[in-house]
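# Residue-level structural notes
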Amino acid sequence: MRDFCFDTELENDGLHEECGVFGAYDFDGNDVAPAIYYGLFALQHRGQESCGIAVSDTAGPKGRVRTVKGMGLVHEVFTEETFASLGGGNIGVGHVRYSTAGGSSRENAQPLVLNYIKGTLALAHNGNLVNTPQLRRELEHDGAIFQTTIDSEVIAYHIARARVKTKTVEEAVALAMKKLKGAYSLVIMSPRKLIGARDPFGFRPLCIGRRDNTFILSSETAALETVGAEFVRDVQPGEIVTIRDGEIHSDTSMCGQSGRISHCIFEYIYFARPDSTLDGVNVYRSRIAAGRFLAQDYPVEADLVTGVPESGTVAALGYSMESGIPYGTAFVKNSYVGRTFIKPGQKSRESSVRVKLNVMKEAVQGKRVVMIDDSIVRGTTSARIVTMLREAGAKEVHVRISAPPFLHPCYFGTDIPSEDQLLANKKTLEEIRRYIGADTLGYLGVERLDAMAEGLPLCTACFTGDYPLDPPTEDIRGEFADKEYFSKEEPFRCMRNI
Ligand code: SF4
């Protein structure tokens with residue numbers, strides 16, 4: 001949970017970003033730390049709990065890696081002093097992370113740096129394995145001692161172990177990938193190579209960019225633009241790309257291994273920046289489409305369409321374009337709500353929603369308002385926002401959600417909670433409408449998701465229950481409940497790396 005959650009119930013009601021990875025290799029020998037720093041800034045929306053950068057110098061002593069990582073936002077962890085302590089280097093990887101409370105500690109911050117018999121590896125991971133307990137147990141039985149409670153260390157261990165038997169590090173990555181099940185986009189730095197790997201399902205995005213003689217790997221294309229790099233291509237599901245000797249080499253031996261490519265639809269609905277393009281589909285365009293579909297499926301007479309910032313705003317624009325109802329800004333978001341030591345409780349008069357978001361009375365007074373949001377999880381936040389609109393004078397509030405109802409948890413790197421905590425599992429559409437206090441309510445239909453993502457093969461499991469691969473089982477959960485990295489209350493959420 002983020003440090004700026006004032007109100008536990010409300011903060012738990014939202015979905016959190018997952019993780020962002022970024023790597024760079026400059027073949028002219030220039031320092032890549034500034035590019036990674038700005039790349040992480042551009043990916044900050046994917047994780048605000050901890051971050052880090054590891055750099056090395058391919059011309060220097062083999063495998064000497066300097067790392068700075070810590071809890072907090074990029075600008076908090078990287079002060080002038082800590083950034084200078086990195087010392088620069090022409091190859092490096094970076095990471096921004098979100099996890100739940102159980103996994104939130106400095107030890108779990110990434111990149112992970114591993115010293116082993118063949119040298120040094122630095123690894124940054126976005127995703128969530130579903131077979132972590134088995135893999136970890138296997139390693140522990142072989143005498144492995146873990147420094148962290150995250151599945152990324154399990155991945156790093158498997159790569160290092162395989163590397164002892166292989167000629168190259170990319171072969172070791174391929175061997176390790178045969179054992180990993182779940183979602184992972186990896187950026188790995190070895191002494192002379194930058195490696196990117198994506199799980200065969202392609203759950204989480206990963207792309208390649210280039211700026212002169214600097215090659216870049218990034219979770220999102222928006223971060224490439226931030227550092228002035230051109231998009232080269234996406235890493236394919238199951239592909240391993242190795243950047244060495246000024247070229248991109250590809251190993252596709254794991255491509256097609258899943259038999260079912262499953263890009264996460266929630267990247268388009270919520271996680272990714274609207275100025276990013278993932279696997280050929282622009283996020284802005286997909287959100288506009290979602291808004292248009294909502295207008296077609298749930299029309300209403302109204303005076304104003306507005307979106308809950310950030311991810312609701314583009315869908316609101318789409319709704320407005322399709323319906324002809326004017327689009328307007330009704331909310332002001334306080335972007336400066338950072339980490340604070342003042343944490344009012346639930347009974348406090350300072351509501352976390354009000355601190356983060358305020359309604360402009362002038363914009364909504366006396367109006368029939370269509371409010372677009374990206375999701376309803378437990379419903380608490382939606383209810384507060386509807387109340388705020390009414391208190392500001394809105395005559396009617398019509399809520400439209402640019403995603404289908406959440407009915408199932410996610411095991412692939414998103415903190416969608418268990419079924420019993422999801423409002424849509426407990427209430428009918430009409431009951432949810434009454435619970436949040438809306439005049440009308442409409443969700444994007446599941447049948448619209450394909451068109452929204454322009455025909456990409458998708459994972460939609462949190463809406464449909466159709467998981468691309470088996471989720472972790474009850475037995476595994478019970479067996480590992482005594483281990484520190486698996487809390488009994490939130491067994492799956494604590495194992496997530498992201
Ligand atoms: S279950 Fe939902 S959030 Fe998780 S990967 Fe699939 S679509 Fe994305």
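Check the entry above for the structure.
Residues numbered from 1 in each chain as written. Predicted model: local features only at pLDDT ≥ 70, side-chain atom pairs only at ≥ 80, totals over all residues.

### Re helix α11 (residues 311–323)
The end-to-end C-alpha separation of α11 is 19 Å, in line with the 18 Å expected for 13 residues at 1.5 Å each. Considered for burial, the residues of α11 that qualify are S311, G312, T313, V314, A315, A316, L317, G318, Y319, S320 and S323. On its buried face, α11 is in contact with α9 (265–271), α10 (283–297), β17 (304–307), β20 (368–373) and β21 (396–401). Taken from the residues just after α11, G324 is the one with a positive phi, measuring 80°. (Helix = DSSP H or I, 4+ residues; strand = E, 2+ residues; numbered from the N terminus. Expected span 1.5 Å × (residues − 1). Buried ≥ 20, exposed ≤ 12 C-beta atoms within 10 Å, placed from the backbone. Contact = placed C-beta atoms within 7 Å.)

### Examining the nonpolar core
Residues V173, V369 and L389 are the most contacted members of the largest nonpolar core, which totals 147 residues. Here this core spans two domains, and each of domain 1 (8–262) and domain 2 (278–458) adds at least three residues to it. When residues no more than four places from it in sequence are discounted, the contact partners of V369 are A302, L304, T306, A330, V364, L389, A394, E396, V397 and H398. (Core = buried A, V, L, I, M, F, W, Y, C linked by C-beta atoms within 7 Å. Domains from an automatic or database assignment.)

### Considering unusual backbone geometry
Cis rather than trans, the peptide bond between Q110 and P111 has omega equal to 5°. P309 connects to E310 through a cis peptide bond whose omega is 0°. With respect to the helices and strands, E310 occurs in the loop between β17 and α11. One non-glycine residue with positive phi stands out, namely D212, at about 50°. Here D212 lies in the loop between β9 (207–211) and β10 (214–218). Judged by the 12 C-beta atoms lying within 10 Å of it, D212 falls in the exposed class. A positive phi angle, near 55°, is found at D245, a position not held by glycine. Among the secondary structure elements, D245 is positioned in the loop between β12 (240–244) and β13 (247–251).

### Description of the sheet that holds strand β2 (residues 50–56)
With antiparallel pairing, the seven strands of this open sheet are ordered in space as β3-β2-β4-β1-β10-β9-β11. The outermost strands of the open sheet, each flanked by one partner alone, are β3 (65–71) and β11 (230–234). In this sheet, neighbouring strand axes are inclined to one another by 15° on average, regardless of whether the strands run parallel or antiparallel. Sheet topology note: the β2/β3 ladder contains seven bridges and is antiparallel. (Pairing = 2+ DSSP bridges. Axes fitted to C-alpha atoms, helices over the stretch in contact; angles between N-to-C directions.)

### A closer look at the environment of V235
For V235, the location among the structural elements is in the loop between β11 and β12. Expressed as a C-alpha distance, the spacing of V235 and I208, which sit 27 residues apart in the sequence, is 6.8 Å. Sequence-distant contacts of V235, that is, excluding residues within four places in its chain, are made with G196, R198, L206, C207, I208 and V241.

### Considering the site of the ligand
By nearness alone, every residue bordering the ligand is listed as F203, C264, I265, F266, C410, F412, T414, I416, C459, T460, A461 and C462. Looking at the shell around the ligand, the elements with two or more residues in it are α9 and α18 (461–464). Here the residues of the shell around the ligand are counted per class, giving 10 nonpolar, two polar and no charged. (Near = placed C-beta within 6 Å. Nonpolar A, V, L, I, M, F, W, Y, C, P; charged D, E, K, R; others polar.)

### Considerations on the packing of helix α6 (residues 151–163) against helix α7 (residues 169–179)
It is the contact of α6 with α7, at a shortest axis distance of 8 Å, that shows an interaxial angle of 125°. Accordingly, the angle class assigned to the pair α6 and α7 is oblique. Taken as a pair, α6 and α7 cross one another with a handedness that is right-handed. Contacts between α6 and α7 pair I155, H158, I159, A162 and R163 from the former with V169, A172, V173, L175, A176 and K179 from the latter. (Parallel < 35°, antiparallel > 145°, perpendicular 65-115°, else oblique. Left-handed = near helix turned anticlockwise from the far one by under 90°.)

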